[in-house]
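# Breakdown of the fold
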Amino acid sequence: MASGDDKSASAIPRHVGIIMDGNGRWATKRLLPRPAGHRAGVKNITPVIESAFDYGVHCVSLYAFSTENKARPESEVNALVDLIRKRLRPMTRELIARGAKVVFSGDISYFPEDVRRIMSEICAENTDKTAKTVNIALDYGGREEIVRAARLAAASGEITDSRIRANLYTSELPDLDMIIRTGGEKRLSNFMLYQAAYSELFFTDTLWPDFGKAELISILNEYGSRTRRFGKL
Ligand code: IPE
Ligand code: IPE
Ligand code: MG
């Protein structure tokens, strides 16, 4: 098992974002309906997060459902909401049992009442504020988040970087050190735009359901070899 113990602290990202793309193509390649790809994608979440935590990562943000994904055909959106309804509880229970804390980013008012209840029950289980964190972005859009945070900052009297940060969904999390996008596309698709300002970006053609521990570790190792300058010399 890879361990963070033998690496310097700066070589290990504290906060990793994952754009879990490629579920639909994974299913289509197998002549399966697209929701079968989403189901396979959900099964892959816990092992990947555990490998990241074993490596020494403190927080993982997962892009699970974007504000724009709501414009997909109704049958696909319903399948995704149903998957959240059925799988979110068991998946997070497993993560919480292993000591993690689960939080959500996004405008959850979109979801039906029973799904929102599942989310608030999960949040209520977060007792250890210092625990490793899984942040799940659901009905999440980076622009929506920034607009919302700017409005709240303005209402509080001043629009500053610190006031905007304090009103982001991720106010308690550090900036993203790195983002991994599976599925071959090289874009952020509205994922955590404010927090990504100085993220290291990694793109892989592997479709999300096929993305495993070995590739994750190799990407995390590559992160450790990059030089981050943050605009300085
Ligand atoms: C990502 O997989 C999961 C969601 C957007 C919910 P896609 O559904 O975008 O899969 P592809 O990109 O069509 O293969
Ligand atoms: C990004 O994937 C959203 C999630 C992974 C949840 P999309 O498939 O929605 O992104 P685009 O449409 O290729 O940009
Ligand atoms: Mg996609």
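Everything below is about the structure printed above this text.
Reading the values: rules and limits
All residue numbers refer to position in the chain's written sequence, counted from 1. As they are written, the chains are lettered A onward and the ligands numbered 1 onward, keeping that order. Where totals are concerned, whole chains, interfaces and linings use all residues; where local detail is concerned, this predicted model gives features only for residues with pLDDT of at least 70, and gives and counts side-chain atom pairs only at 80 or more. Working from all heavy atoms in the structure, the side-chain values ignore hydrogens and water. Only protein chains enter the area calculation, which uses a 1.4 Å probe; residues under 20% of their type maximum are buried, those over 50% are exposed, and those in between are partly exposed. A helix here means a DSSP run of H or I that spans at least four residues, while a strand means a run of E at least two residues long, and both kinds are numbered starting from the N terminus. Strands are labelled as partners when DSSP assigns at least two bridges between them. When the strands point away from the viewer and the path from the first strand over the helix to the second turns clockwise, the crossover is right-handed. If even one non-hydrogen atom of a residue comes within 4 Å of a molecule or strand, that residue is called near it. By the criterion applied in these results, polar contacts are pairs of N or O atoms within 3.5 Å in which, for protein atoms, one can donate a hydrogen and the other can accept it, and in which residues neighboring in sequence qualify only through two side-chain atoms. Using the Shrake-Rupley algorithm and a 1.4 Å probe, accessible areas are obtained, with residue cover drawn only from the displayed protein chains. Cavity means a closed set of points on a 1 Å grid over the protein atoms alone, one where a 1.4 Å probe fits but cannot get out, pocket means an open set with protein on both sides within 12 Å along at least 5 of 7 lines, and lining means a residue has an atom within 4 Å of a point. Just a note on the criterion: a molecule sits in a pocket or cavity if more than half of its atoms are within 2 Å of the grid points. For this classification, Asp, Glu, Lys and Arg are treated as charged, while Ala, Val, Leu, Ile, Met, Phe, Trp, Tyr, Cys and Pro are nonpolar and the rest, including Gly, are polar. Axis lines are fitted through C-alpha atoms, for helices just across the contact stretch, and the angle between N-to-C directions can take any value from 0 to 180 degrees. We call two directions roughly parallel when the angle between them is under 35 degrees, roughly antiparallel when it is over 145, roughly perpendicular when it lies between 65 and 115, and oblique otherwise. The hand of a helix crossing depends on one turn: near helix anticlockwise from the far one by less than a right angle means left-handed, and clockwise means right-handed. Only heavy atoms matter for contacts: two residues are in contact if any of them lie within 4.5 Å across the pair.

What follows concerns the pairing of strand β3 (residues 101–105). Two faces, one strand: in a regular strand the side chains alternate between the faces of the sheet. Along β3, four of the five residues are buried, which leaves the element largely enclosed by surrounding structure. Here β3 runs beside strand β4 (residues 133–140); their pairing, made up of five bridges, is parallel. Note on β4: the bridge partner recorded for Ser105 is Ala137. For the handedness criterion, the β-α-β arrangement of β3, helix α4 (residues 113–124) and β4 is classed as left-handed.

Every residue near ligand 2 is listed here: Ile19, Met20, Asp21, Tyr63, Ala64, Phe65, Asn69, Arg72, Arg181, Arg187 and Ser189. Here an oxygen atom of ligand 2 and a side-chain polar atom of Arg187 are 2.8 Å apart. Out of a free accessible area of 390 Å², ligand 2 has 78% covered by protein chains. Its atoms largely coinciding with the cavity grid, ligand 2 occupies the largest pocket. Sorting elements by how many residues they give to the shell around ligand 2 places strand β2 (residues 59–66) first, with three residues. Across the shell around ligand 2, the residue classes break down as five nonpolar, two polar and four charged.

On to the site of ligand 1, then. If you check the shell around ligand 1, you find 13 residues, and the closest are Asp21, Gly24, Arg25, Arg34 and Arg72. Contacts to ligand 1 include Gly24, whose backbone N or O atom sits 2.9 Å from an oxygen atom. Arg34 places a side-chain nitrogen or oxygen 2.9 Å from an oxygen atom of ligand 1. Bound to the protein, ligand 1 loses 87% of the 380 Å² it would expose on its own. The set of elements that each furnish at least two residues to the shell around ligand 1 consists of α1 (23–29), α2 (34–55) and α3 (74–97). By residue number, the principal contributor to the shell around ligand 1 is α1, which donates three residues. Across the shell around ligand 1, the residue classes tally to three nonpolar, five polar and five charged.

Interhelical geometry of α2 versus α3 gives an angle of 20° and a closest axis separation of 10 Å. Judged on the interaxial angle alone, α3 and α2 are roughly parallel. As for the relative orientation of α2 and α3, their crossing is right-handed in sense. Of the residues in α3, those in contact with Arg34, Pro35, His38, Arg39, Val42, Ile45, Thr46 and Ile49 of α2 are Glu76, Ala79, Leu80, Leu83, Arg87, Met91, Glu94 and Leu95.

This part covers the side chain of Thr170. As for its placement among the helices and strands, Thr170 is situated in the loop between α6 (161–166) and β5 (178–181). At 2.7 Å, the side chain of Thr170 and the side chain of Gln195 are in polar contact. Dropping the residues within four chain positions of it, Thr170 is found in contact with Ser105, Asn135, Glu145, Met192 and Gln195.

With that settled, the discussion passes to the pairing of strand β6 (residues 200–203). Side chains Glu200 and Phe202 project from β6 onto a buried face, and the interleaved Leu201 and Phe203 project onto a face without burial. Both β5 and β6 contribute to a ladder of four bridges, which runs parallel. Across the sheet, Ile180 pairs through a bridge with Phe202, a residue of β6.

Spatially, six strands are ordered β3-β4-β2-β1-β5-β6 in an open sheet, and the strand pairing comes out parallel. What marks the edges here is a single partner per strand, and that holds for β3 and β6. Strand-to-strand twist across the sheet, computed as the mean angle between neighbouring axes with direction ignored, equals 20°. Here α3 sits on the sheet in contact with β2, β3 and β4, set at roughly 170° to β4. Strands in contact with helix α7 (residues 213–225) are β1 (15–19), β5 and β6; relative to β5, the strand with the most contacts, it is inclined by about 145°.

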